[in-house]
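Spelled out from the first residue to the last, the chains are:
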Amino acid sequence: DDAYGQRLAERCRSAAIDYSTYGTNGVTLQRLAVRPAMDGIHAQLRWNEVEHRLHLPLFGQFQIDNLCAAMLAAVHTGMKPESVLKHLPSLRGVR
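Going along each chain's sequence as written, the residues are numbered from 1 onward. In view of the model being predicted, local features appear only for residues whose pLDDT reaches at least 70, and side-chain atom pairs are presented and counted only at 80 or more, with totals across whole chains, interfaces and linings using the full set of residues. Side-chain numbers come from the whole structure's heavy atoms, not from hydrogens or water.

Secondary structure is summarised from DSSP: a helix means a run of H or I of at least four residues, a strand means a run of E of at least two, and numbering begins at the N terminus for each. Relative to the helices and strands, arginine 31 is located in strand E2 (residues 29-37). Think of it in three bands: residues with accessible area under 20% of the maximum for their type are buried, residues over 50% are exposed, and the middle band is partly exposed, with areas taken using a 1.4 Å probe on protein chains only. Exposure remark for arginine 31: the relative accessible area of 13% places this residue in the buried category.

Structure (structure tokens):
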């Protein structure tokens, strides 16, 4: 989301997949809201212009940033978006 990230994305445009935790500049995946709870994180994301509400049994807002990167990496390597979304509730934190 910062100026360096934007410059890097421009240099790598053909290979880059973008997501944003703050901005809205034509990104593929955007974090809209994050609400911590006793049972994990409740989040709202916009992915390819479709909004999704998620519950993750993980703690810490940084988990959403990591999740966004992992979701796009999974799709970039051939996984279908619907399959990625279906498997999110089964994520477990390190114990």
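After presenting the structure, the write-up continues.
What follows covers the pairing of strand E3 (residues 40-47). Remark: a regular strand shows side chains that alternate across the two faces of the sheet. The buried count for E3 comes to six of eight residues, which makes it a mostly enclosed element. In this analysis, strands are considered paired if DSSP registers two or more bridges between them. Summarising the sheet, E2 and E3 pair through eight bridges and their orientation is antiparallel. Bridge pairing links alanine 33 to glutamine 44 in E3. With seven bridges joining them, E3 and strand E4 (residues 50-56) adopt antiparallel strand pairing.

This brings us to the environment of leucine 67. Relative to the elements of secondary structure, leucine 67 occurs in helix H2 (residues 62-76). Sequence separation between leucine 67 and leucine 56 is 11 residues, and the spatial gap between their C-alpha atoms is 9.8 Å. What leucine 67 contacts, discounting residues up to four positions off in sequence, is Leu54, Leu56, Leu88 and Leu91. Contact criterion: two residues are considered in contact whenever any of their non-hydrogen atoms come within 4.5 Å of each other.

In an α-helix, one turn spans 3.6 residues; hence positions three or four apart end up facing the same way. An expected span of 1.5 Å times one less than the residue number is assigned to each helix. Its 15 residues give H2 an end-to-end C-alpha distance of 21 Å, which sits within 8% of 21 Å, the value for a rise of 1.5 Å per residue. Along H2, the positions that sit buried rather than exposed are Gln63, Ile64, Leu67, Cys68, Met71, Leu72 and Ala74. For H2, the angular spread of the buried residues around the axis is 160°, confining them to a single face. Looking one or two residues beyond H2, the residue adopting positive phi is glycine 78, at roughly 115°. The directions from the helix axis to the C-beta atoms form the arc being described.

Treat this as a map of the structure, not an account of what it does.
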